[in-house]
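# Structural overview for review
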Amino acid sequence: MRNLRSITASARILQYYNVYAGVADLPAAELDKYKNPKGPKYDLGKDGAFRGFRVLIGHFYLGEGQTEDELRAKPGAALEGKGFTVRVVHSERAFVDALDDADVAWLMSAHEWVDPACTPEELAAAVSQFHKSGRGVAIFADNDPFYVQANAVLQSMCGARLVGDTPGEGVLERGDGSRRKRFGSHLVTSGLSFLYEGMTLAYPKPLGTLQVLATSSDYNPVICFMDGSSDGGRVLVDCAFTKLFLEWDSAGTARYVTNLTVWLLGIDERLNRGASLQGVYLTPPSMGSKIGAAVDETNEGTPDAEPDESVDEVVADGSVDA
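Moving on: the packing of aromatic side chains. All chains considered together, the criterion is met by nine aromatic pairs. Ring plane angle 45 degrees and centroid distance 5.9 Å describe the contact between Tyr16 and Phe50, whose orientation is recorded as tilted. Here the residue Tyr16 occupies a position in the loop between helix H1 (2-7) and strand E1 (54-59), and Phe50 occupies one in the loop between H1 and E1, the gap between them amounting to 34 residues. Accessibility assignment for this pair places Tyr16 and Phe50 in one class, buried. On the numbers, 6.1 Å between centres and 85 degrees between planes, the contact of Phe225 with Trp263 is edge-to-face. Of the two residues, Phe225 sits in strand E11 (residues 221-226) while Trp263 sits in helix H6 (residues 253-265), which places them 38 residues apart along the sequence. By the burial criterion, Phe225 is buried, and Trp263 matches it.

This part is about the confidence of the model for the chain. With 86% of its residues at a pLDDT of 70 or more, the chain shows a mean pLDDT of 88. Considering only residues more than four positions removed or in separate chains, one finds that residues 284-308, a stretch of pLDDT under 50, has 68 contacts.

Time to look at unusual backbone geometry. Across the junction of Lys205 and Pro206, the peptide omega takes the value 5 degrees, indicating a cis bond. Counting through the fold element by element, Pro206 comes out in the loop between strand E9 (200-204) and strand E10 (211-215). The omega angle of the peptide bond from Gly279 to Val280 is 10 degrees, so this bond is cis rather than trans. By secondary structure assignment, the location of Val280 is in the loop between helix H7 (267-273) and helix H8 (311-316). For Lys181, which is not a glycine, the phi torsion comes out positive at approximately 60 degrees.

Where helix H2 (residues 68-81) contacts H6, the two axes come as close as 9 Å, and the packing angle between them is 55 degrees. Here H2 lies oblique to H6, going by the angle between them. Crossing hand, H2 versus H6: right-handed. Between H2, through Pro75, Ala78 and Leu79, and H6, the contact on the second element is made entirely by Val257, Thr258 and Thr261. Looking at the contact of H2 with H6 residue by residue, the class counts come to four nonpolar, two polar and no charged.

Rules used throughout
Residues numbered from 1 in each chain as written. Predicted model: local features only at pLDDT ≥ 70, side-chain atom pairs only at ≥ 80, totals over all residues. Heavy atoms only, no water. Phe/Tyr/Trp six-rings, centres within 6.5 Å; stacked < 30°, edge-to-face > 60°. Helix = DSSP H or I, 4+ residues; strand = E, 2+ residues; numbered from the N terminus. Buried < 20%, exposed > 50% of the residue type's maximum accessible area, 1.4 Å probe, protein only. pLDDT = per-residue confidence, 0-100. Contact = heavy atoms within 4.5 Å. Axes fitted to C-alpha atoms, helices over the stretch in contact; angles between N-to-C directions. Parallel < 35°, antiparallel > 145°, perpendicular 65-115°, else oblique. Left-handed = near helix turned anticlockwise from the far one by under 90°. Nonpolar A, V, L, I, M, F, W, Y, C, P; charged D, E, K, R; others polar.

Given below as structure tokens:
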């Protein structure tokens, strides 16, 4: 509960985030087979709370079992369980054309460019504009050469570049994220004590303005992030996308996927600025205005909080378990 208070004082956060946001050390919780707390109440976001928000997935590699059907059955289904509407496209041009209607964008890189009708410069410019509008971007890559689209956008957005092909298949443990086989405490790692790193990994070199959230078995950054600011939205870079398909039933993967998407949406930041809880961001976050479809905030089972109520007041009146 202390961690949730540090995120925002507004009780409206309890319509979207679980009270255990950012926490994993829960001695009374039942554990799953990977020793992570079991059950959706330990996820960052509440089930069904994100109706009206849209996730665009640019899925550029369709080989080795990584089909759209698999994407929709695994990560897509997990996101839909939180209420998100998921749209999947398979070319750079289709991705660029669909960005205006998205609240969060996932870019899943491939080993080659897919659509000659869209240049790398066009993709970079479109993702940069999306990011500068205050919206969140997830970039998923893998071992060399599966970072073509990722590297097309990372340099201009945060001065980073992905390289390498290093062994993985380890399980990371919560701790100091700068140390080998460790990940740090963060909203993205809510409810996670252990997290599968992926099969084979890329890593950023240079790191640019990214911060390291997790370090791989091979001593390289494997998950990185950039906080939102007046210059743009939040960013997460994951260097091992096969866990979204081939190793979906691995330590913490499903929770991690929904956590990172909820974090990228930035509901806590919107509340702290007094901004509208609507999709879609189309103006810089410093201006505080958004347009688009209204979010359905009638999430059954969540507390009815007035805008000026605090987290402490709602917990104190017994509306939600602490």
